[in-house]
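# Commentary on secondary and tertiary structure
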Amino acid sequence: MIHNNEYLIKLSEKYGTPLYIYDSYKIYQQYKKMINAFKGINNFIINYACKANTNLNILKFFNTLGSGLDAVSIQEIEIGLMAGFPPKNIIYTPNCVSIQEIIKAVKLGVRINLDNLSILEQFGEYFPKYSVGIRINPHIMAGANLKTSVGHIDSKFGISFYQIPHVKRILKNTGIKIDGLHMHTGSDILNIQSFLEGAKILFKIALDFPKVNYIDLGSGFKVSYKKKDVKTDISMLSNKITHEFNNLCKNYKNNNCITLIIEPGKFLVSESGYFLVRVNVIKHTTSTVFAGVDSGFNHFIRPMFYDAYHHIDNISNPNGCSRFYTVVGYICESDTFGLNRKISEIHEGDILCIKNAGAYCYSMSSNYNSRYRPSEVMILNGKDFLIRKRETMKDLIKNIIEIPI
Ligand SMILES: *Cc1c(COP(=O)(O)O)cnc(C)c1O
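Not measured: the values here are computed from a predicted model.

With that settled, consider the overall build of the protein. Within the protein, the regular secondary structure consists of twelve helices and 18 strands. Its C-alpha atoms give the protein a radius of gyration of 23 Å, within 12% of the compact-globule value 22 Å for 405 residues. Projecting the C-alpha coordinates of the protein onto the three principal axes gives extents of approximately 70 × 60 × 40 Å. Counting over 405 residues, the protein shows a buried share of 54%. Pairs at least 24 residues apart make up 68% of the contacts formed inside the protein by residues separated by at least 6 positions. Positive and negative side-chain charges of the protein, numbering 47 and 34 respectively, have mean locations separated by a distance of 5 Å.

In total, this model carries 19 aromatic pairs according to the counting rule given. With centroids separated by 5.1 Å and ring planes inclined at 50 degrees, the aromatic side chains of Phe-123 and Phe-127 adopt a geometry described as tilted. Assigned by exposure class, Phe-123 and Phe-127 land together as buried. Members of the aromatic cluster, connected to one another through ring pairs, are Tyr-20, Tyr-22, Phe-275, Phe-300, Phe-337 and Tyr-362. For Lys-226, the ring lying beneath its charged end belongs to Tyr-309, and the centroid distance is 4.8 Å.

This part is about the pairing of strand β18 (residues 383-388). Pairing between strand β17 (residues 375-380) and β18: five bridges, direction antiparallel. Opposite Ile-379, over in β18, you have Asp-384 as the bridge partner.

Another aspect to go through is the state of the cysteines. Following the criterion strictly, the structure yields zero disulfides and no others. With no disulfide of its own, Cys-96 lies closest to Cys-50 among cysteine sulfurs, the gap being 19 Å. Taking relative accessible area as the criterion, Cys-96 reaches 65% and is therefore assigned exposed.

We now examine the environment of Phe-300. Counting through the fold element by element, Phe-300 comes out in the loop between β12 (289-293) and α11 (302-305). The class for Phe-300 is buried, based on a relative accessible area of 0%. Between the C-alpha atoms of Phe-300 and Leu-260, which are 40 residues apart in sequence, the distance is 33 Å. In this structure, Phe-300 is in contact with Tyr-20, Phe-275, His-310, Phe-337, Ile-354, Lys-355, Ala-357 and Cys-361, ignoring residues within four places of it in sequence.

Pairing of side chains with opposite charge becomes possible as their charged atoms draw close. A full pass over the atoms with the stated rule returns eight salt bridges. Residue Asp-384 is joined to Lys-14 by a salt bridge in which the shortest nitrogen-to-oxygen separation is 2.7 Å. In this pair, Asp-384 sits in strand β18 while Lys-14 sits in helix α1 (residues 5-15), placing the two residues 370 residues apart along the sequence. The class for Lys-14 is exposed, based on a relative accessible area of 55%.

A word on the domain arrangement of the protein. The domain architecture assigned to the protein consists of domain 1 (93-264) and domain 2 (270-397). When each unit is reduced to the centre of its C-alpha atoms, the spacing between domain 1 and domain 2 is 35 Å. Each partner contributes residues to the interface: domain 1 has eight residues there, and domain 2 has nine residues. Across the domain 1 to domain 2 interface the summed buried area is about 870 Å²; carbon plus sulfur atoms make up 50%. For the pair domain 1 and domain 2, the interface holds zero salt bridges.

Analysis parameters
- Residues numbered from 1 in each chain as written.
- Predicted model: local features only at pLDDT ≥ 70, side-chain atom pairs only at ≥ 80, totals over all residues.
- Heavy atoms only, no water.
- Helix = DSSP H or I, 4+ residues; strand = E, 2+ residues; numbered from the N terminus.
- Rg over C-alpha atoms; globule rule 2.2 N^0.38 Å.
- Buried < 20%, exposed > 50% of the residue type's maximum accessible area, 1.4 Å probe, protein only.
- Contact = heavy atoms within 4.5 Å.
- Lys, Arg positive; Asp, Glu negative; His and termini not counted.
- Charge placed at Lys NZ, Arg CZ, Asp CG, Glu CD.
- Phe/Tyr/Trp six-rings, centres within 6.5 Å; stacked < 30°, edge-to-face > 60°.
- Lys NZ or Arg CZ within 6 Å of the ring centre and 35° of its normal.
- Pairing = 2+ DSSP bridges.
- Disulfide = S-S within 2.5 Å.
- Salt bridge = Lys/Arg side-chain N within 4 Å of Asp/Glu carboxyl O.
- Domains from an automatic or database assignment.
- Buried area = accessible area lost by both parts, 1.4 Å probe.

Laid out in structure tokens, this is it:
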């Protein structure tokens, strides 16, 4: 419904540019697709990894779908609670945070996955009666590139599965129990084999810990960014996982009462998002035709940070003849959205639509170059709602303390 150029143009006129738009129906479809893929598992839960898009309204929408939440900071937990998630539906999986922050999370009543033996030991001293999850590092190289691969042997994340004997010693010394096992190996994982290997490692470790209530396989499901792009084969993956998991449940002491959790971010929200920008200038150089737009890596950093490909359409002139353009931003950096792309002929003033703008776009934005962050709109039940105002100068200087100079 939303992918209709006239409708998007209308929204750009109503709210101005640059503008983020999220289609809640697409989020609903992705959520249902994942739930259906794992319907062979009795206790299956999706926890939305909210760092992908933390707008409070997006979180509230996930809560209405029945999703839980994956949080990586105390602030994400607090936003989750504001959105109405019961604490027990939030799992906090931090990395390199202080024990003080983890104590705050205990007080808020959420589930916790610890990923460090030193913290596990300190936690055991504070809360000997508590059950916690542990994040395992399965030593698997997965994901689109090294920046997003977080389960390999040199990664800062997780407790190595070779350190399980040390985990057991800490349990003995402190009295704490292991509530769950977690892994998350990276983003944009295409090879489901790497995902399965990690899962098998967790299923095997579970046999050693008789009080495990959940196994959390993290995420990293790839979506398509280009027209004919390959994506993670969810049904093949879920078939294999379902088989292995149900086998584990049969062999497990409590028989069938383990919950399987996955926690996608990108899979659930990436394709729901559209980023609309206006073309300020067309610039011909000796080698290139540039289309310079009213945004930059301050608003949308993935192409520059990860070399991510995001499809760009000229929605003001969708049926013109195609020409080659390099689409760049307006900040004083090399902020290239798309290099040498074939796009329907662009004129100054046209609106370009950048796709897959729902995940890791607004949530990674900044005020670099002292620019305002854009506004966000959500399409819900066929209506458009402004869900975040564009910033103003007030926002930019609100924490500045002027001293007499
Ligand atoms: C970021 C993150 C996710 C989500 O990853 P996606 O690639 O967006 O699906 C899940 N779990 C943890 C612990 C994360 O840090």
